[in-house]
Amino acid sequence: MDTTIAAIATAMSESGIGIIRISGKEAMDVISRIYRSKGGKKKIKEVPSHTIHYGYIYDKEEVIDEVLVMIMKAPRTFTGEDTVEIDCHGGVYAMNRVLETVLKNGAQIAEPGEFTKRAFLNGRIDLSQAEAVIDVIQAKNEYALKSSMNQLRGSVLKAIKGIREEIIYHIAYIESALDDPEHISVDGYGETLGKAVQKQKEQIKRLLAKSSEGKMIREGIKTVILGKPNAGKSSLLNMLIGENKAIVTNIAGTTRDILEEYITLEGISLKLIDTAGIRSTEDIVEQIGVGKARETAKDADLILYVVDSSMPLDENDEDIMKMLEDKKCIVLYNKTDLKAAISQEQIRESIKHPVIPISAKEETGMEELGKQIKNMFFSGEISFNDEVYITNARHKAALEEALSSLELVENSIEMGMPEDFYSIDLMNAYESLGKILGESLGEDLVNEIFSKFCTGK
Amino acid sequence: MNQLIKNCDIVVIGAGHAGCEAALAGARLGLDTIMFTVSVDSIALMPCNPNIGGSSKGHLVKEVDALGGEMGKNIDKTFIQSKMLNQSKGPAVHSLRAQADKQAYSTEMRKTLENTPNLTIKQGEITELLVEDGKITGVKTFSNAVYYCKAVILCTGTYLKARCIYGDVSNYTGPNGLQAANYLTDSLKSLGIEMFRFKTGTPARIDGKTIDYSKMEEQFGDKRIVPFSFSTDPETIQIDQVSCWLTYTNEKTHEIIRNNLDRSPLYSGMIEGTGPRYCPSIEDKVVRFADKNRHQVFIEPEGLYTNEMYVGGMSSSLPEDVQDQMYHSVPGLENATIVRNAYAIEYDCINPRQLNPTLEFKNINGLFSAGQFNGSSGYEEAAAQGLVAGINAALKIQGKEMMTLDRSEAYIGVLIDDLVTKENHEPYRMMTSRAEYRLLLRQDNADIRLRKKGYEAGLIDQETYEKVLRKTEAIEKEIKRVEHVHIGANEKVQKLLESYGSTPLKNGTTLAELIRRPELNYKALEPIDEERPKLAWDVEEQVNINIKYDGYIKRQLKQVEQFKKLESRKIPEDLDYKQIKGLRIEAMQKLELYQPVSIGQASRISGVSPADISVLLIYMEQYTKEEKH
């Protein structure tokens, strides 16, 4: 608990105000590095505890945000440690900028549940709450671990794995030579390694640039399109993304897998997921698709339920409506271009979610849908996972660490240090990148040495 | 039934490198110690390579010496060639290796044992451990004699149910055809101890007078010999050294091997034990590294008393006739006579996770174990564990706190922690890459690191301990001085720098800054350091290393600080992991199995996540708070 931690304390949505919380021994140092009062004279480190201060957050000479800073010194704080809360402007982008600045200036991103854990360990939370604390930690960690890997784009994952593989090869080479100098020589390896490290550094820098643009992680409101076969789900998807990605036919049950697309609607990012139509079926392939659709719907942030207005409701619709009872959902009354078999009122009677008439074929109703989603988002009814940003920050920190370790390797090479010094920092770089993948050095090195290099008596 | 019944404090089973250190430590700490061996003639036997030390193993020997063990002193008395490996590399990986006169090594060690008060050597096979209420009470021999005691140290090496194999022939013997110990395993199993079966191997020995050395490269020892023991005066060991020889296998050798692979017990499935990957047989190398068209072969003398030469790099379990062809295909060995065939050996050992870091069994009070029996390999690894087990058996009987070394204190700490914490599927060998703080754990500062521990345990006397205290003080004083010595950009200085190819000074600087330049060192700068005091060579060495690598050393010290915090969070022994709601099942099972002594150790168990550690910390907090209520 010697580290100073920080995280976004409010929900990650387009709310008016966001709060960044910092806790730990160096909390006051961190804030004094980035806070400036309006006149620039106030020394934030010297203000009395439990006071609020107006000013700006700076990253070097750049103003990041206009804020209120709350100073709370130990022990009368939530965690029992020195705590600073920064009230900044709400919105994903603004909050992230402030958090990143805090992290750059001496704080580490908090582990899931860490504020609560510290509060407990410092005796600020009652003993009877220990179990609840444990539950929070495990649940949050499980989620973070799952999402951490899931959210990484495939190409990013591949790049990180590739860099790690190269790094461990070099470590293994150096180490096997040190271990068995009479079999393997590592003399003059600095030159070879220098080139490799240069390349790896560039790769990591590219990844970091991507992460700043938010491209490293898949993000957006997870929006699942649901409906019975041939209700027009794929046509809706095509209309939303504006190209013929999903195969559209009039044969019921054409979409048998899950299709994913990213779009921006009224400035809000949506991760659109098209699914197979839900109905009871004998076709095994289709059954799998239907099963997947149900699974996907379970952890959706928002569901777009497409109803074919030209057909009467049947047992498949009843089935779906039941599933949607406690979900965030918009019902799309589709095929307004055809003669209606059921009315909008009939649907409103059977389901409590908003209903919007559209025609996917004629591309009408889009504006209504956009507005509805925007309303739901800003009212906080739907939001996306804040863990996305946490993991992004975590990944970034790990990449930065790896980069500085590689810089130390370069330093050692330039200074003409003996080869054994190189591998020390290479190992640190390998470990840092491993944090992103949830892997550590462990036996990796020994395995690499024995599988790649022939040593021994 | 009439039987011999005796009493003593400590029984050591086995007289190899672990057994010797264990018995000596026990006896030197004043405990009545009996060491059992199946053959008194095999005390401190070196059944495989004829050398002590080598990369990271040299560190272990130095540490054993610093703690008050015997291996370093014994090899200083009996070496016939010595080499400091990796001299062109950083000080952390310098490692001493000495060729031993095997027989002299064995004889000298036996002499030391025989002349140590409180120590009795007994020939006999132990067949049973006597345990009452989870506490060791004694041992029983093959002849039914009973020795009651307070602690037992198992150092059975490769002898338990040992089987030697070459080709399709196998023999139930220990190494070198010595008698195996066939009964003890069953007794251990009946006590609930989980056993593994491991395998290792050794190359052939060849008659030196049948070797054509003109076809080989001669390998000399170092000009200036550095001793292993901190107590040995370097001047007393500058001996005439013997040479080793280097030759290579070739395509013909590999072809012979490939043609006979079906007769190798490794590939035919006749060997069930798990062998070490770092010490592959020549057939393994040929198969796994098929693109290499030659492998090095080191011809090393077994001693001054004999013509026998060890063929390093060509251990094998192929049949005798194939071995004959194979060795003869190597340049210089065309007409060589094989004295002893290469063989593989299989033996029983334990899953070492059943041990505490003190090397005492978690579930049997007073039972300790060390060496190959714990799943390690190597003479040095064995000696290191033997010493720790011996010290702890004695301390326990004396009612004192037992000694443990952690990963930041010694290679021995890394070795033992790896054995008792990590899953181990092959004989474990020390490697410098396993030591995360290796810049701090150098062979040159083992005395500074560990004399105190040895002194506290009682193996290091007052005078020796004070000597290291004075040394430490002298080093610190000189470092301080050097950091503050100002060096001006005068002519004398520039000339000296120039002579070392070092950039001339623009402005004045400190002596320390100059020492940090790669091409310079403490000694080289003597001419421009006018007030330099006269210091011992080993003090100068420490000053140089500490200043030169200051930045790296400080970084590792910082990491150690973090590490120590987790190590010092002890887990109560009676903690019931099943009661901890919120631990994942895998973590709960692993923690139950390993019963880690600290949060640090728990965090190194595979399958225990950082979140599990958080949960554990919170539970412990709750637990101690409730205790207080």
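Calculation criteria
- Residues numbered from 1 in each chain as written.
- Chains lettered and ligands numbered in written order.
- Predicted model: local features only at pLDDT ≥ 70, side-chain atom pairs only at ≥ 80, totals over all residues.
- Helix = DSSP H or I, 4+ residues; strand = E, 2+ residues; numbered from the N terminus.
- Rg over C-alpha atoms; globule rule 2.2 N^0.38 Å.
- Buried ≥ 20, exposed ≤ 12 C-beta atoms within 10 Å, placed from the backbone.
- Contact = placed C-beta atoms within 7 Å.
- Arc of directions from axis to C-beta.
- Pairing = 2+ DSSP bridges.
- Axes fitted to C-alpha atoms, helices over the stretch in contact; angles between N-to-C directions.
- Parallel < 35°, antiparallel > 145°, perpendicular 65-115°, else oblique.
- Left-handed = near helix turned anticlockwise from the far one by under 90°.
- Nonpolar A, V, L, I, M, F, W, Y, C, P; charged D, E, K, R; others polar.
- pLDDT = per-residue confidence, 0-100.
- Core = buried A, V, L, I, M, F, W, Y, C linked by C-beta atoms within 7 Å.

1. What about the overall build of chain B?
Thought 1: When you go through chain B residue by residue, the secondary structure sums to 20 helices and 23 strands.
Thought 2: Rg of the C-alpha trace for chain B: 26 Å, near the compact-globule value of 25 Å for 629 residues, within the 12% margin.
Thought 3: Here the C-alpha coordinates of chain B stretch approximately 90 × 80 × 50 Å along the principal axes.
Thought 4: Counting the 629 residues in chain B, one finds 52% classified as buried.

2. Comments concerning the overall build of chain A
Thought 1: If you tally the helices and strands in chain A, you get 14 helices and 13 strands.
Thought 2: When contacts within chain A are restricted to residue pairs at least 6 apart in sequence, long-range pairs at least 24 apart make up 67% of them.

3. A closer look at helix 14 (residues 444-452) of chain A
Thought 1: Taken together, the buried positions of helix 14 of chain A are Leu445, Val446 and Ile449 of chain A. The buried residues of helix 14 of chain A all sit within an arc of 100° when viewed along its axis, so they share a single face.

4. Overview of the environment of Ile19 of chain A
Thought 1: Its place among the elements puts Ile19 of chain A in strand 2 (residues 17-23).
Thought 2: Each C-alpha atom, one on Ile19 of chain A and one on Glu367 of chain A, is 33 Å from the other, the two residues being 348 residues apart in sequence.

5. What to know about the sheet that holds strand 6 (residues 95-100) of chain B
Residues and elements named next belong to chain B.
Thought 1: A sheet is described by the order of its strands in space; here 3 strands give the open sequence 4-6-5, paired in antiparallel fashion. Each of the sheet's edge strands pairs with one partner strand only, and the pair in question is strand 4 (51-53) and strand 5 (79-85). Strand-to-strand twist in this sheet, taken as the mean axis angle between neighbours without regard to direction, amounts to 20°.
Thought 2: Direction of pairing for strand 5 relative to strand 6: antiparallel, over a ladder of 6 bridges. Residue Met84 lies in a different strand from strand 6, and its bridge partner there is Leu96.

6. Some remarks on the pairing of strand 12 (residues 163-166) of chain B
Residues and elements named next belong to chain B.
Thought 1: Taking every second residue as pointing to the same face, both faces of strand 12 are buried, with Arg163 and Ile165 on one and Cys164 and Tyr166 on the other.
Thought 2: Inspection of the sheet shows strand 12 paired to strand 13 (residues 169-171) by 3 bridges, in the antiparallel sense. Counterpart to Tyr166 in the pairing with strand 13 is Val169.
Thought 3: Remark: 2 residues form the turn of the hairpin made by strand 12 and strand 13, two consecutive strands paired antiparallel; Gly167 in that turn has positive phi of roughly 60°.

7. Here's the deal with the packing of helix 3 (residues 71-78) of chain B against helix 4 (residues 102-114) of chain B
All names here are of chain B.
Thought 1: At a closest axis distance of 9 Å, the pairing of helix 3 and helix 4 adopts a crossing angle of 130°. Considering their axes alone, helix 3 and helix 4 lie oblique with respect to each other. Where helix 3 crosses over helix 4, the two elements pack in a sense that is right-handed. For the pair helix 3 and helix 4, the contacting residues are Asn74, Ile75, Lys77 and Thr78 in the first and Ala104, Tyr105, Glu108, Met109 and Thr112 in the second.

8. Quick notes on the environment of Glu255 of chain B
Residues and elements named next belong to chain B.
Thought 1: Turning to its location among the elements, Glu255 is positioned in helix 6 (residues 251-259).
Thought 2: Owing to 13 C-beta atoms within 10 Å, Glu255 belongs among the partly exposed residues under this scheme.
Thought 3: The spatial distance from the C-alpha of Glu255 to the C-alpha of Met326 is 9.0 Å, given a sequence separation of 71 residues.

9. Here we look at the interface of chain A and chain B
Thought 1: Taken together, the 34 residues of chain A in the interface contact 37 residues of chain B.
Thought 2: Among the elements of the structure, helix 3 (114-121), helix 4 (130-151), helix 5 (154-179), helix 13 (419-437) and helix 14 of chain A are those that each provide at least two residues to the side of chain A that touches chain B.
Thought 3: The element best represented in the side of chain A that touches chain B is helix 4 of chain A, accounting for 8 residues.
Thought 4: Residue classes in the side of chain A that touches chain B are distributed as 16 nonpolar, 7 polar and 11 charged.

10. Some details on the confidence of the model for chain A
All names here are of chain A.
Thought 1: With 78% of its residues at a pLDDT of 70 or more, chain A shows a mean pLDDT of 81.
Thought 2: The weakest mean pLDDT in chain A belongs to helix 4 at 60; the strongest belongs to helix 1 (residues 27-34) at 94.
Thought 3: For the stretch residues 244-250, pLDDT sits under 50, and the model shows 18 contacts to residues farther than four places along the chain or on other chains.

11. Regarding the sheet that holds strand 1 (residues 5-8) of chain A
Residues and elements named next belong to chain A.
Thought 1: Pairing is mixed in the open sheet, where 7 strands are placed in the order 3-4-5-6-2-1-7. The sheet is open, and its two edges are formed by strand 3 (35-37) and strand 7 (108-109), each paired on a single side.
Thought 2: Strand contacts of helix 1: strand 2, strand 3, strand 4 (51-59), strand 5 (62-72) and strand 6 (83-89), with the helix running at about 130° to strand 2, the strand carrying the most contacts.

12. Re the nonpolar core
Thought 1: Counting residues in hydrophobic clusters, the biggest one holds 178 residues, and the most contacted among them are Val11, Val12, Val152, Ile153 and Ala370 of chain B.
Thought 2: Beyond its immediate stretch of four places on either side in the chain, Ile153 of chain B contacts Ile10, Val12, Ile13, Ala22, Phe368, Ser369, Ala370, Ala389, Gly390 and Ala393 of chain B.
Thought 3: Within the second largest apolar cluster, 35 residues are counted, among which are Leu226, Val290, Ala297 and Ala300 of chain A.

13. Quick word on unusual backbone geometry
Thought 1: Following Ala74 of chain A, the chain continues into Pro75 of chain A via a peptide bond in cis, with omega recorded as 5°.
Thought 2: If you trace the backbone, Pro75 of chain A turns up in the loop between strand 5 and strand 6.
Thought 3: Despite not being glycine, Asn144 of chain B shows a phi value in the positive range, around 80°.
Thought 4: Here Asn144 of chain B lies in the loop between strand 9 (135-141) and strand 10 (146-148).
Thought 5: Phi is positive for Lys161 of chain B, which is not a glycine, with a value near 45°.
Thought 6: Here Lys161 of chain B lies in the loop between strand 11 (151-154) and strand 12.
Thought 7: Taking the number of C-beta atoms within 10 Å as the measure of exposure, Lys161 of chain B has 20 and is therefore buried.

14. Notes on the environment of Leu246 of chain B
Residue and element names in this part refer to chain B.
Thought 1: With respect to the element layout, Leu246 can be found in strand 16 (residues 244-248).
Thought 2: Overall, Leu246 belongs to the partly exposed group, with 16 C-beta atoms counted inside 10 Å.
Thought 3: It is 5.4 Å that separates the C-alpha atoms of Leu246 and Met216, two residues lying 30 residues apart in sequence.
Thought 4: Excluding its chain neighbours within four sequence positions, the residues that come into contact with Leu246 are Met216, Glu217, Gln219, Gln296 and Phe298.

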